[in-house]
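Secondary and tertiary structure notes
Letter by letter, the chains look like this.
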Amino acid sequence: MKKIIATIYILFFAFSQNYREEMTELIGEFNYEFNDMETNEEAMMNCQRRAIINSLENYYLSLETQHILKPSEIDCLIPNLLNIDIIEKISSNTSLFLRIQATFDSQSLSECLI
């Protein structure tokens, strides 16, 4: 029985270590200009989405590839982001600036890239 528990513990520990190594932290930002047709909530969501897209593009550029992310690839990658936090927010009557931080499972790149 002790061997089974020890084996389960070792497998769990090995899996959790491997899982942690695949996580990447992303940071992105975007400055959004309001238009008269949208609510503050819509502007916030649009700005946050653009900051998230910028974070993914910045990460991908850091890999020194020539590939440019396609909209369908971005749509596939966004649901794989974890713990999306706004780390800076500056707003005025006409614009909104957001800097976001998110955790990303880098293994999902291979699943989403076309």
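Reference entry: report on the structure contained in this document. Since the structure is predicted, the reported quantities are computational estimates derived from the model, not experimental observations. (Residues numbered from 1 in each chain as written. Predicted model: local features only at pLDDT ≥ 70, side-chain atom pairs only at ≥ 80, totals over all residues. Heavy atoms only, no water.)

**Details of the state of the cysteines**
Applied cut-off: Pairs of cysteine sulfur atoms within 2.5 Å are what we label disulfides. Where helices and strands are cited, they refer to DSSP runs of H or I of at least four residues and of E of at least two residues respectively, numbered from the N terminus. The buried label goes to any residue with under 20% of its type's maximum accessible area, the exposed label to any with over 50%, and the partly exposed label to all in between, with areas taken from a 1.4 Å probe on protein chains only.
As enumerated under the stated definition, the model contains 1 disulfide in all. Between Cys76 and Cys112 runs a disulfide, and the two sulfur atoms are separated by 2.1 Å. The sign of the -65° torsion about the S-S bond sets the Cys76-Cys112 disulfide as left-handed. One end of the pair, Cys76, is in helix H3 (residues 71-77); the other, Cys112, is in helix H4 (residues 108-112), with 36 residues separating them in the sequence. A relative accessible area of 5% places Cys112 in the buried class.

**Brief notes about the packing of aromatic side chains**
Just so we agree on the cut-off: Only centres within 6.5 Å qualify two rings of Phe, Tyr or Trp (six-membered ring in Trp) as a pair; their planes then separate them into stacked at under 30 degrees, edge-to-face at over 60, and tilted for everything else.
Per the stated rule, a full pass over the model turns up 2 aromatic pairs. Where Phe30 meets Tyr32, the ring centres are 6.5 Å apart and the plane angle is 50°; that geometry is what we call tilted. What makes Phe30 partly exposed here is its relative accessible area of 22%. Relative accessible area serves as the criterion here: at 13%, Tyr32 is assigned to the buried category. Between Tyr59 and Phe104, the ring centres sit 5.7 Å apart and the planes meet at 65°, which makes this aromatic pair edge-to-face. Taken together, the residues span a long stretch of sequence, with Tyr59 in helix H2 (residues 40-62) and Phe104 in strand S3 (residues 95-105) at a distance of 45 residues. An identical accessibility class is assigned to Tyr59 and Phe104; each is buried.

**Structural notes on the side chain of Glu38**
Rule in force here: The charge count includes Lys and Arg as positive and Asp and Glu as negative, but it does not include His or the ends of the chains. Note on definitions: salt bridges are taken to be side-chain nitrogens of Lys or Arg within 4 Å of carboxyl oxygens of Asp or Glu. Here a polar contact is recorded for every N or O atom pair within 3.5 Å, except that within protein the pair must consist of a potential hydrogen donor and a potential acceptor, and residues adjacent in sequence are included only if both atoms are side-chain atoms. Two residues form a contact once any of their heavy atoms are found within 4.5 Å.
In this structure, Glu38 sits in the loop between strand S1 (23-33) and H2. No salt bridge is formed by the buried Glu38; its nearest oppositely charged neighbour, Arg50, is found at 12 Å. At 2.8 Å, the side chain of Glu38 forms a polar contact with the side chain of Tyr32. Excluding its chain neighbours within four sequence positions, the residues that come into contact with Glu38 are Tyr32, Glu33, Ala43 and Asn46.

**Digging into the sheet that holds S3**
Selection criterion: A pair of strands counts as paired when DSSP detects no fewer than two bridges linking them. Throughout, an axis means a line fitted to C-alpha atoms (over the contacting stretch in the case of helices), and angles, computed between N-to-C directions, take values from 0 to 180 degrees.
With antiparallel pairing, 3 strands are arranged side by side in an open sheet as S1-S3-S2. Among the strands making up the open sheet, the edge pair consists of S1 and strand S2 (81-91). Between one strand axis and the next, the sheet turns by 15° as a mean value, whatever way the strands run. Where S2 meets S3, 8 bridges bridge the pair, whose relative direction is antiparallel. Paired with Ser91 across the bridge in S3 is Leu96. Contacts from H2 reach S1, S2 and S3 within the one sheet, and its direction differs from that of S1 by about 135°.

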